[in-house]
Amino acid sequence: MGVAILAVLAVVAVVGPLLVRDPAAQNIRDRLQPPNAVYWFGTDDLGRDIFARVVSGAPISLASGLASVAVGLGLGTLVGTVAGYAEGRTGLALMAGVDLLLALPAILLAITVAARLGAGLPAAMLAAGLVGLPAYARLARASTLAVKRREMVDAARAIGASDRQIVARHIVPNILTPLIVQSTIGVGNAILLVSALGFLGLGAQPPTPEWGRMLADAQRYVTSSPYIGIFPGLAISLTVLGFNLAGDGLRDALDPTVGR
Amino acid sequence: MDDRQATALSMLVDDLHARRVGRRAFVSRAAQLGLTVPIASALATAAARAGLAAPAVALQDAGKTLVVAIPQATVQLDPAIAGSNGYGDIIPLADNITEGLTRLIPGTVELEPALAESWEVSEDGLQYVFQIRPDVTFHDGTPVDAAAVETNFLRQFDPEHPLHQETMVYAGIVFADVEAIEATGDMELTVTMTRPTILLPGKLATFAAGIVSPTALEELGAEFGQSPVGTGPFRFESWTQDVELVLTANDDYWGGRPALDRVVWRTIGEDTVRLSELQTGSIDVANQIDFMNAPDIEADPNLQLITGQFLNVQFLAFNEAIPPFDNPTLRQAVQHAINKEAVAEVVAAGNYTLGAGPIAPGLIGYDPALAGRYPYDPAQAQVLIAESGLTDVSFDLLNRSTTFWPLLGQLIQADLSSVGITVNLQSLEDAEFFNRLNSGEVQAFVNDWTWDNGDPDNVMFSLFVHERAMNRMGYNNEQVDELVLEAQVTPDAEAREALYAEAQGLILDDAIMVILGYPERAMGARAPVQNLVVSPVGSVVLREVDIEG
């Protein structure tokens, strides 16, 4: 189910923007129209086609979710693996830093980072990535601790492999599965967070048709023209749901302890 | 509920009313006594609004309380400092808690005597002699006399005065061209000018010239802004910051006791929340209703929409000190590229006069013909861009992040994109927005100006001659300066009009800003609220307001 939603989204994200109207084109004469045959999702306060904006927002949200996870997964795995492999003081110091990040409320941390770097989509992605980092770091460390005690690691060390080789060739490949499951679910959270930052004005800047931003713009019309906010809201929900279901499915498929 | 519980509940309501417990604590304790949360919550609202002593006296007439919601936060309540914070401070104060020597007749720009009973100007126009209204006392009982007014003015005018504060930012505007202020009798105050400007009586109606008790100023010092003492129709009762500010009727008001017994001011930033609180009856008046929602109010028999003259101009301003708008041809090109009709639609659902010159409709010097100076003509804009010699023009445009401002930014962005100019929008919180503006490094910004008094000089001087023009727009046109200063000392209305016409013509030639237009203003109120009018200067004056029934 999740994979099906994601497949449809991927197609929409790739092909959709080529087929719809210009998402930034304003047509004041047609502003605030409810959904109709011409404008399937209606028009917003500047007379822009909401359908075109929601479709054009798909690649932006998907890309921002994936990029954020790439940041969080990359940095988190690095920190976690090193911490787990080294243990001792280095490990404790690294994990203390991670715990510190974890202690900060996610949205506050994201706002601080995004505000520090200046409003914009790249800053929002980086912020969402940093928020995700602790989860990956802890997961990577725990898995590394388990893997490094296996005999194959001793064997590798016995034949003279360097620490770097051991981590890269033997440990990382063996801890990837839980990380992949975690990051699939993480994409949904990251998209939600990037949208939240967009809603607060710290993410994508106009006229970029980013879903969170569209929700924020819809606030003024929540009583008179609710459809302006409903469609981007649905798009966010559906995408996050897709990633969460896919992540669950992946975990079930890969986890031997879950029965079928 | 048994007797013991009922007693406990009445005590709890007492506590709530006396602010010994907060609303949240009240609801949770009432719930422990067996009330459901919605009922406890409704009771808290009722108790807070009507000032009930206990549920047993729920039917007793607790007086007329008006709950007014404004979008801006109140920071402090010293009128001399209010200008540095904004309308959240100004609205509860101006002509409600404090009054000046003069005031505007509600809903108009006409001046009338307030704490000055009368005044005279010397023949050379350099001396104003004000007769202070007799038998008026401040809310703390201190009598109002010339010495009290002198203290009020000197603490703003004289930087060496012991009660002076750096944050009295309006002193330079209100007391511009003043040479000396002196109590020349028990009830006579003389103000000597350096130039014979005709603006002083109008400026003394500005919120910042509100007169407060010198006794309280001495006693409270810098804390005065937490519990102001004025002469107005309402006296300060209590204030919980970010929750509510409560005023009560001044029984001894010189103009007669107001009809309302209490006024509760609340800050509700979101337009839609203010509207829904009005619809549910939690508030009686919502200041600044978005015209998008006007039909909802008009369709509701329990509500009324109040509209009226409002002195406000919205503009897109350039900084001619830095590229790209150091190029005058580019500034003119942008003038032709902006579709002001779309602005009118998006900002105020058409309740908007399209921009002409800086002076708003209803004032001397407003000239609708100036709108023809730069008609909407994208083709002409493109010709001018080519003439300017610039290619691939791109700039940062700052806008405030509240209400319609981000939309206005996007409209301009799209209009300019269609003539080949790239606009990078930056939506900023008010404080950050004004910080950046004052840095002088902003290429362009959209903003507005609401008149502080009913004189065209308020915009002409403040925006184009005051150092603000140089700071924010790098603008300095000596001819404009001369004309505006000349108009300040020209009593004859026709001659003034001619001077302003010439000055506005020069400003439009310089194309230093695109005058987008003048929005109207709407308030929403419950149907029984009477005599409430829109103030041209953005205040909410309640002395004549009543609640029917």
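Residues numbered from 1 in each chain as written. Chains lettered and ligands numbered in written order. Predicted model: local features only at pLDDT ≥ 70, side-chain atom pairs only at ≥ 80, totals over all residues. Heavy atoms only, no water.

Novice: Even after reading the chapter, I still don't get the pattern of salt bridges, so can you show me in this structure?
Specialist: Oppositely charged side chains can form a pair if their charged atoms are brought close together. Residue and element names in this part refer to chain B. Applying the stated criterion across every chain yields a total of 21 salt bridges over all chains. For Asp-455, the salt bridge is made with Arg-496, and the minimal N-O distance between the two is 2.9 Å. Of this pair, Asp-455 sits in the loop between β17 (444-450) and α17 (457-464) while Arg-496 is found in helix α20 (residues 493-510), placing the two residues 41 residues apart along the sequence. Residue Asp-455 shares its accessibility class with Arg-496, and that shared class is buried. One network of salt bridges, in which partners are shared, links Glu-99, Arg-103, Glu-112 and Arg-543. (Salt bridge = Lys/Arg side-chain N within 4 Å of Asp/Glu carboxyl O. Helix = DSSP H or I, 4+ residues; strand = E, 2+ residues; numbered from the N terminus. Buried < 20%, exposed > 50% of the residue type's maximum accessible area, 1.4 Å probe, protein only.)

Novice: Would you take a moment to explain the interface of chain B and chain A for this structure?
Specialist: The extent of an interface is frequently quoted as the accessible surface area lost upon association of the parts. Contact with chain B, which involves 19 residues of that partner, is made by 18 residues of chain A. Overall, the association of chain B and chain A removes approximately 1600 Å² of surface from exposure, summing both partners, and the carbon and sulfur fraction of that is 52%. When the area that chain B buries against chain A is broken down by residue, the three leading residues are Met292(B), Leu407(B) and Gln410(B), summing to 33%. Across the chain B-chain A interface, the total number found is one salt bridge. One can count four residue pairs in polar contact (both at pLDDT 80 or more) joining chain B with chain A. Put simply, the parts of the chain that give the side of chain B that touches chain A at least two residues each are α10 (271-280), α13 (340-348), α15 (405-417) and β16 (422-428) of chain B. Ranked by the residues each element gives to the side of chain B that touches chain A, the list is headed by α15(B), at five residues. Looking at the side of chain B that touches chain A residue by residue, the class counts come to ten nonpolar, five polar and four charged. (Contact = heavy atoms within 4.5 Å. Buried area = accessible area lost by both parts, 1.4 Å probe. Polar contact = N/O pair within 3.5 Å; in protein donor to acceptor, adjacent residues only side chain to side chain. Nonpolar A, V, L, I, M, F, W, Y, C, P; charged D, E, K, R; others polar.)

Novice: Looking at this structure, I do not really get the domain arrangement of chain B. What am I missing?
Specialist: Residues and elements named next belong to chain B. Split into domains, chain B comes out as domain 1 (1-61), domain 2 (93-221) and domain 3 (312-519). Relative placement of domain 2 and domain 3: their C-alpha centres are 33 Å apart. Opposite the 14 residues of domain 2 that make contact, domain 3 presents 15 residues. Summed over both sides, the interface between domain 2 and domain 3 buries roughly 1200 Å², with carbon and sulfur atoms accounting for 60% of that surface. Inspection of the domain 2/domain 3 interface yields zero salt bridges. There are four residue pairs in polar contact (both at pLDDT 80 or more) connecting domain 2 and domain 3. Per-class residue counts for the side of domain 2 that touches domain 3 are eight nonpolar, three polar and three charged. (Domains from an automatic or database assignment.)

Novice: I would appreciate a short explanation of the environment of Ser539(B) in the present structure.
Specialist: Residue and element names in this part refer to chain B. Tracing the backbone through its elements, the reader meets Ser-539 in the loop between β20 (529-530) and β21 (546-547). Assessed through its relative accessible area of 11%, Ser-539 is described here as buried. For the pair Ser-539 and Ala-183, spaced 356 residues apart in the sequence, the C-alpha separation amounts to 30 Å. Setting aside residues no more than four positions away along its own chain, Ser-539 makes contact with Ile-91 and Ala-94. Here Ser-535 takes part through its side chain, which lies 3.1 Å from a polar atom of the side chain of Ser-539.

Novice: When you look at the sheet that holds strand β19 (residues 521-526) of chain B in this model, what are you seeing that I'm missing?
Specialist: What links the strands of a sheet is backbone hydrogen bonding, and the strands pair in either a parallel or an antiparallel sense. All names here are of chain B. Ordered by their spatial adjacency, seven strands build an open sheet running β8-β9-β10-β1-β11-β19-β12, and the pairing between neighbours is mixed. Both outer strands of the open sheet, β8 (234-240) and β12 (303-308), are each paired with one neighbouring strand and no more. With two bridges joining them, strand β1 (residues 65-70) and strand β11 (residues 285-286) adopt parallel strand pairing. Of the residues in β11, the one forming a bridge with Val-68 is Val-285. (Pairing = 2+ DSSP bridges.)

Novice: Just to check I follow, could you spell out the pairing of β1(B) for this structure?
Specialist: On a regular strand, each side chain points to the face opposite its neighbour's, so the side chains alternate between the two faces of the sheet. Residue and element names in this part refer to chain B. The element β1 is largely enclosed, with a buried count of six among its six residues. The side-chain alternation of β1 yields two buried faces, one formed by Thr-65, Val-67 and Ala-69 and the other by Leu-66, Val-68 and Ile-70. Where β1 meets strand β10 (residues 262-267), six bridges bridge the pair, whose relative direction is parallel. Of the residues in β10, the one forming a bridge with Thr-65 is Arg-262.

Novice: Any chance you could explain the side chain of Asp89(B) here in plain terms?
Specialist: Residue and element names in this part refer to chain B. Secondary-structure assignment places Asp-89 in helix α5 (residues 87-93). No salt bridge is formed by the buried Asp-89; its nearest oppositely charged neighbour, Arg-155, is found at 12 Å. For Asp-89, the side chain forms a polar contact with the side chain of Gln-76, separated by 3.2 Å. With sequence-adjacent residues up to four places away left out, Asp-89 is seen in contact with Ala-73, Thr-74, Val-75, Gln-76, Leu-77 and Ala-82. (Lys, Arg positive; Asp, Glu negative; His and termini not counted.)

Novice: Would you explain the confidence of the model for chain B in this entry?
Specialist: Residues and elements named next belong to chain B. Here chain B averages 90 in pLDDT, and 89% of its residues register 70 or above. Within the model, pLDDT remains below 50 along residues 50-60, and this stretch shows 19 contacts once partners closer than five positions in the same chain are excluded. Across the assembled chains, the prediction reports ipTM 0.72 with pTM 0.79. (pLDDT = per-residue confidence, 0-100.)

Novice: I'm lost on the packing of helix α19 (residues 478-488) of chain B against α20(B) in this one. Help?
Specialist: All names here are of chain B. Direction vectors running N to C along α19 and α20 enclose 160°, while the axes themselves pass 9 Å from each other. By the criterion of interaxial angle, the relationship of α19 to α20 is roughly antiparallel. Crossing of α19 against α20: the hand is left-handed. The segment α19 lies against α20, with Gln-479, Val-480, Leu-483, Val-484, Glu-486 and Ala-487 engaging Arg-496, Leu-499, Tyr-500, Glu-502, Ala-503, Leu-506 and Ile-507. Among the residues forming the contact of α19 with α20, the class breakdown is nine nonpolar, one polar and three charged. (Axes fitted to C-alpha atoms, helices over the stretch in contact; angles between N-to-C directions. Parallel < 35°, antiparallel > 145°, perpendicular 65-115°, else oblique. Left-handed = near helix turned anticlockwise from the far one by under 90°.)

Novice: Would you mind showing me how to read the packing of aromatic side chains here?
Specialist: For any pair of aromatic rings, the description consists of the separation of the ring centres together with the inter-plane angle of the planes. The tally for this structure, following the rule as stated, stands at 17 aromatic pairs over all chains. With 4.9 Å between their ring centres and 55° between their planes, Trp40(A) and Phe51(A) make a pair best called tilted. Taken as a pair, Trp40(A) in the loop between α1 (2-19) and α2 (50-86) and Phe51(A) in helix α2 lie far apart in primary sequence, eleven residues in all. Take Trp40(A): its relative accessible area is 53%, and that puts it in the exposed class. Pairwise contacts between aromatic rings join Trp40(A), Phe41(A), Phe51(A) and Phe231(A) into one cluster. Just above the ring of Trp254(B) sits the side chain of Arg133(B); from NZ or CZ to the centre is 4.0 Å. We note Arg373(B) situated over the ring of Tyr374(B); from NZ or CZ to the ring centre the distance is 4.5 Å. (Phe/Tyr/Trp six-rings, centres within 6.5 Å; stacked < 30°, edge-to-face > 60°. Lys NZ or Arg CZ within 6 Å of the ring centre and 35° of its normal.)

Novice: How do you make sense of the environment of Glu182(B) when you look at a structure like this?
Specialist: Residues and elements named next belong to chain B. Following the sequence through the fold, Glu-182 ends up in strand β6 (residues 178-185). As for Glu-182 and Leu-154, which are separated by 28 residues in sequence, their C-alpha atoms are 8.8 Å apart. Apart from residues no more than four positions distant in its own chain, Glu-182 is found in contact with Glu-150, Glu-188, Leu-189 and Thr-190.

Novice: What is the right way to look at the packing of α17(B) against α20(B) in this model?
Specialist: In a pair of packed helices, the angle between the axes and the distance between the axes together describe the arrangement. Residues and elements named next belong to chain B. The contact between α17 and α20 brings their axes to 12 Å, and the two run at 35°. Note that α17 runs across α20; the crossing there is left-handed. Between α17, through Asp-457, Met-460 and Phe-464, and α20, the contact on the second element is made entirely by Arg-496, Tyr-500, Ala-503, Gln-504 and Ile-507. When the residues that make up the contact of α17 with α20 are grouped by side-chain class, the tally is five nonpolar, one polar and two charged.

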